[in-house]
Amino acid sequence: MRFKYSFQVCLLLLIGLVSQAAAQETKLKWFGHAAFSITTPKGKVLLIDPWIRNPSNPEAGEGKDPFAPISRVDYILLTHGHRDHVGDAVEIARKTGAALIANPELAFNLVKLTDFPAKQASDYIMQMGNEIQIADGEVTVAMTPAVHSSSVFNSKAGPNEPERAYGGSPAGFVIIIKNGPTIYHSGDTAYFKDMETIGESYSIDAALINISQMGVKLSARAAKSIHGKVTIPMHFGTFPGLLQNADGFAAEIKKLKLGFYEMKPGDTISFRGKQLMRTG
Ligand SMILES: [Zn+2]
């Protein structure tokens, strides 16, 4: 009897420890290009630059439903208005009810020129330098500068109207997760020296660096400035004209002795607290 009781107590303790560990996990999934989802320890889902139907996403191949793995999305974060970043945001917003996090010009023009639901694009308008709390305080989002352009494609434009409407300033994001990692997403950007300020202002655990806009050397310099505990390359190999692989970048990062991890489109990695644990 006594043995049975102890065994039950041990089992309960073990279940408690396992579920506690699971509860502290943050998952980061790459859909290819600049599209990532973050699932917080409390189960909230953030989707960044959701071009899910990009050609490198293995879940978006012929005969597959690319949105099947995306059943829940709470927030859609857009770095800028270009189509390879807005991607499938409208369809996903309509399907999931997710709220948009973006600058005002991008948000309002998306509502006006596309079918993005207006009531989902009003609560989390941000400007550069702002920090907002979302997910009942579990997540803080900071909007950081990016040096690029931004416009919203207007498919309704008449023959004498511009097809590209103003999209406000392009941006990056720092996403700080309670009991989880702090993740930087560069958006599309050239190198700028104030990346050092971002690296100094936040303790970045994972830096998602766009390696197609800056060239290999300056992408590595960006990674050094941001100084993430792990640098993860993105925005390469999706279509011709982009950098096709991260090999040169990986070699530069190695020289700088920075942490590096290369995800494949479709991969998910997990963090326990701030610690990168494993893939899968
Ligand atoms: Zn892009």
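Preceding block: the structure.
Residues numbered from 1 in each chain as written. Predicted model: local features only at pLDDT ≥ 70, side-chain atom pairs only at ≥ 80, totals over all residues. Heavy atoms only, no water.

With that out of the way, let us pick up the coordination of the zinc ion. Within the protein, the atoms that donate to the zinc ion are D84 (OD), H85 (NE2), D188 (OD) and H235 (NE2), at distances of 2.1 to 2.3 Å. Around the zinc ion, the four donor atoms are arranged such that angles at the metal cover 93 to 155 degrees; this shape is classified as irregular. Each donor residue of the zinc ion lies on one chain, and together they are spaced D-H-x102-D-x46-H. Both residues of the pair, D84 and H85, belong to the buried class. (Donors = N, O, S within 2.8 Å, 3.2 Å for Na, K, Ca; no water. Tetrahedral: all angles 85-135°; square planar, octahedral: opposite > 155°, others 65-115°. Buried < 20%, exposed > 50% of the residue type's maximum accessible area, 1.4 Å probe, protein only.)

A word on the sheet that holds strand β11 (residues 171-177). Taken in spatial order, the six strands of this open sheet run β7-β8-β11-β12-β13-β14, and their pairing is mixed. Lying at the two open borders of the sheet, with one neighbouring strand each, are β7 (131-134) and β14 (230-234). Within this sheet the neighbouring strands show an average axis-to-axis angle of 20 degrees, counted without direction. Note that strand β13 (residues 206-210) and β14 share five bridges and pair parallel. Paired with I209 across the two strands is P233, which belongs to β14. (Pairing = 2+ DSSP bridges. Helix = DSSP H or I, 4+ residues; strand = E, 2+ residues; numbered from the N terminus. Axes fitted to C-alpha atoms, helices over the stretch in contact; angles between N-to-C directions.)

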